[in-house]
Amino acid sequence: MNILITGVTSGFGLAMAKRLIKDNHTIIGTGRRADKLSDIKAELGEQFIPLCFDIGNLDDTKSALDSLDKALLNNIDVLINNAGLALGLESADKADISDWQAMINTNITGLVSITNLVLPKMVAKNSGLVINIGSTAGNYPYFGANIYGASKAFVKQFSLNLRADLIGKNIRVTNIEPGLCGGTEFSHIRFKGDNEKASKLYEKVDYIRPEDIADMVHYIVNLPPHININRLEVMPVAQTFAGLTVVKDL
Ligand code: NDP
Ligand code: 8X3
């Protein structure tokens, strides 16, 4: 199969690329960091096709896809919308507008742009699978999640709405909604390089690993073609719900 994964330069995307290439698939892997992409190319070899661009820029996304061999571009079997980020964990009144814009631009605009470019090609051949990487943050509010959580709620509803639009077509859409996962650059980026803050979050917690998410993707890619998993919400056993909060003497 030909599998396009956005954001392969670290974390989930990298683990997915490594997992899926083992199954002999061709992986088109994207990211902004050219050096990382060439290291990955050196490691994964011929079946890995790197594409370096910012997913938040529509023109760059278009030109990157157009640089692919036409036969390959028209035959993408699986699109994995993984690239994304959280910036900051401040309450909304203290948040930086440029952080909000960057999250919206990547998690929403970038994700829908590439989907808009690839989906018609799947419809033309009446087959395909879109896997979006949402988050539990799109399902449950928490302090400081403001725009990040809202962007992942968008991804969830967009995934379900795609399924509605794809009625009668052999195209599947799954939204994977992970909770706390370690071993990626996610918190390093969210806390803007404050590694102490980032590593505190994972201290003494048996969190989900990128390889666990890659195994779930492998499972979804290999499902019998008549099955669609709409949403897959996964959390480490160590993470659960804390309930609603009431403040006295407000
Ligand atoms: P990482 O920070 O390790 O990986 C993010 C990837 O996205 C990188 O490859 C990065 O590449 C790419 N990316 C970010 N912005 C852009 C952009 N503008 N254009 C192109 N590529 C971009 O994080 P994770 O692996 O943890 O996260 C992957 C996805 O999973 C995200 O959507 C995240 O929201 C989601 N998620 C993460 C969870 C976690 O706890 N880790 C839990 C639930 C969901 P580059 O920097 O080279 O551009
Ligand atoms: C990442 C998981 O809990 O940091 O999407 O929002 S969380």
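As a reminder, the structure under discussion sits directly above these lines.
Okay, so let's go over this structure. Each chain carries its own residue numbering, running from 1 in the written order of its sequence. Chains and ligands are labelled sequentially in the order written, the chains with letters from A and the ligands with numbers from 1. Whole-chain, interface and lining totals are the exception, using all residues; otherwise, since this is a predicted model, local features are given only for residues with pLDDT of at least 70 and side-chain atom pairs are given and counted only at 80 or more. To get the side-chain values, take all heavy atoms of the structure and skip hydrogens and water.

1. Digging into the site of ligand 1
Turning to step 1, where the next piece is worked out: The immediate surroundings of ligand 1 are formed by 28 residues, with Thr9, Ser10, Arg32, Tyr148 and Thr184 found nearest.
Turning to step 2, where the next piece is worked out: A distance of 2.7 Å is found between an oxygen atom of ligand 1 and a side-chain nitrogen or oxygen belonging to Tyr148.
Turning to step 3, where the next piece is worked out: When ligand 1 is considered free in solution it has 890 Å² of accessible area, and contact with the protein chains removes 96% of it.
Turning to step 4, where the next piece is worked out: Residues are grouped as follows: Ala, Val, Leu, Ile, Met, Phe, Trp, Tyr, Cys and Pro are nonpolar; Asp, Glu, Lys and Arg are charged; all remaining types, including Gly, are polar. Split into classes, the residues belonging to the shell around ligand 1 amount to 11 nonpolar, 12 polar and five charged. A molecule or strand has a residue near it when one of that residue's heavy atoms lies within 4 Å. What qualifies as a polar contact is a pair of N or O atoms within 3.5 Å, subject to a donor-acceptor requirement within protein and to the restriction that residues adjacent in sequence count only when both atoms come from side chains. Computed with a 1.4 Å probe, the accessible areas rest on the Shrake-Rupley method; for each residue, only the protein chains presented here act as cover.

2. Description of the nonpolar core
Turning to step 1, where the next piece is worked out: As used here, the term nonpolar core means buried Ala, Val, Leu, Ile, Met, Phe, Trp, Tyr and Cys residues forming a set that is joined through side-chain atoms within 4.5 Å. Burial classes follow relative accessibility: with a 1.4 Å probe on protein chains only, a residue under 20% of its type's maximum area counts as buried, one over 50% as exposed, and anything between as partly exposed. In terms of nonpolar packing, the biggest core is built from 32 residues, with Ile5, Met16, Ile80 and Ile131 touching the most fellow members.
Turning to step 2, where the next piece is worked out: Labels follow the DSSP assignment, with helices taken as runs of H or I lasting at least four residues and strands as runs of E lasting at least two, numbered in each case from the N terminus. Contributions of two or more residues to this core are made by strand S1 (2–5), helix H1 (11–22), helix H2 (34–44), strand S4 (78–81), strand S5 (128–133) and helix H9 (210–221).
Turning to step 3, where the next piece is worked out: Among the elements that take part in this core, H1 stands out by supplying seven residues, more than any other.

3. As for the pairing of S5
Turning to step 1, where the next piece is worked out: Among the six residues of S5, six are classified as buried, and the element is accordingly described as predominantly covered.
Turning to step 2, where the next piece is worked out: Side chains of S5 alternate between two faces, with Gly128, Val130 and Asn132 and Leu129, Ile131 and Ile133 buried alike.
Turning to step 3, where the next piece is worked out: Between any two strands, pairing holds if DSSP finds at least two bridges. The pairing of S4 with S5 spans four bridges and is classified as parallel. Of the residues in S5, the one forming a bridge with Leu79 is Val130.
Turning to step 4, where the next piece is worked out: Whether a crossover is right-handed depends on one test, that the path from the first strand over the helix to the second runs clockwise when the strands point away from the viewer. Since S4 and S5 lie parallel, the crossover through helix H5 (residues 97–125) that links them has a hand, and here it is right-handed.

4. Looking at the environment of Ile176
Turning to step 1, where the next piece is worked out: Note that Ile176 resides in strand S6 (residues 171–178).
Turning to step 2, where the next piece is worked out: Sequence separation of Ile176 and Ile131 is 45 residues, and the distance between their C-alpha atoms is 7.2 Å.
Turning to step 3, where the next piece is worked out: In this analysis, two residues are considered to be in contact whenever any of their non-hydrogen atoms come within 4.5 Å of each other. Those residues in contact with Ile176, other than ones at most four positions away along the chain, are Ile131, Asn132, Ile133, Gly134, Ser135, Val217, Ile220 and Leu232.

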